[in-house]
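# What the coordinates show
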Amino acid sequence: PSSTLQILDFPEGYTEEEIKDCLDMVCNGLDRVKIEGIEGQSRMCHLRFKTPEQAGAAHQVITGSYFRLPRHSDGLKVAIAGKDLEGPDPTLASMLSRNNAIVKSRS
């Protein structure tokens with residue numbers, strides 16, 4: 001089972017950080033958000049969770065009747081991905097590399 005969800009026909013005007021902040025309030029275990037595609041065209045958003053169980057619970061929350069993204073009144077089309085989103089969170093990776101550079105410059 002996959003621990004990644006896909007939001008199909010993802011609406012415009014959102015950043016990965018904004019989606020992560022919004023979903024962190026209602027879902028447990030969100031590990032990474034990745035938006036693919038170009039503004040103005042059909043885009044997809046991948047949501048990777050720490051476990052398949054957390055992904056399943058998030059799927060129920062996101063497709064539920066009460067969850068909406070800010071500035072977007074329609075529900076979202078969400079599917080469980082065929083395979084997991086690979087790689088580390090790029091935001092986290094860039095923070096770690098900056099910290100390593102700072103530590104090396106001090107030694």
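Residues numbered from 1 in each chain as written. Predicted model: local features only at pLDDT ≥ 70, side-chain atom pairs only at ≥ 80, totals over all residues. Heavy atoms only, no water.

### Looking at the overall build of the protein
Secondary structure assignment for the protein yields 3 helices and 4 strands. In the protein, the succession of helices and strands from N to C terminus is β-α-β-β-α-β-α. Every one of the 107 residues in the protein was classed for burial, and the buried ones make up 32%. Restricting the contact set of the protein to residue pairs at least 6 apart, pairs at least 24 apart contribute 67%. Summed over all atoms, the accessible surface of the protein reaches about 6,700 Å², with 55% contributed by carbon and sulfur. (Helix = DSSP H or I, 4+ residues; strand = E, 2+ residues; numbered from the N terminus. Buried < 20%, exposed > 50% of the residue type's maximum accessible area, 1.4 Å probe, protein only. Contact = heavy atoms within 4.5 Å. Areas by Shrake-Rupley, 256 points an atom, 1.4 Å probe, with all protein chains shown as cover.)

### A look at the pattern of salt bridges
With the rule as written, the count across this model stands at 5 salt bridges. Arg71 is the partner of Glu18 in a salt bridge, and the nearest nitrogen-oxygen pair spans 2.7 Å. Of the two residues, Glu18 is situated in helix α1 (residues 16–24) and Arg71 in the loop between α2 (52–62) and β4 (77–80); the sequence distance between them amounts to 53 residues. On the accessibility criterion, Glu18 (26% relative accessible area) is partly exposed. The exposure class assigned to Arg71 is exposed, which follows from its relative accessible area of 60%. (Salt bridge = Lys/Arg side-chain N within 4 Å of Asp/Glu carboxyl O.)

### Considerations on the nonpolar core
In this structure, Ile19, Leu47 and Ile62 are the most contacted members of the largest nonpolar core, which totals 21 residues. Those elements giving two or more residues to this core turn out to be β1 (4–10), α1, β2 (30–36), β3 (43–49) and α2. Once you skip the residues sitting within four places of it in the chain, Ile19 turns out to touch Phe10, Tyr14, Val33, Cys45, Leu47 and Leu69. (Core = buried A, V, L, I, M, F, W, Y, C linked by side-chain atoms within 4.5 Å.)

### Side note on the state of the cysteines
For the coordinates displayed, the defined rule picks out 0 disulfides. In this model Cys22 remains outside any disulfide bridge; the closest cysteine sulfur is found in Cys27, 8.8 Å from its own. (Disulfide = S-S within 2.5 Å.)

### Some points on unusual backbone geometry
Across the chain, the bulk of peptide bonds are trans and the bulk of non-glycine residues have phi less than zero. A positive phi is found at Asp9, a non-glycine position, where the angle reads about 50°. Tracing the chain through its elements places Asp9 in strand β1. Overall, the relative accessible area of 47% leaves Asp9 in the partly exposed class. Residue Arg71 is not a glycine yet carries a positive backbone phi of 70°.

### Observations regarding α1
Among all positions in α1, only Ile19, Cys22 and Leu23 are buried. One side of α1 carries all its buried residues, which in axial view fall inside an arc of 90°. Packing partners of the buried residues in α1 comprise β1, β2, β3 and α2. (Arc of directions from axis to C-beta.)

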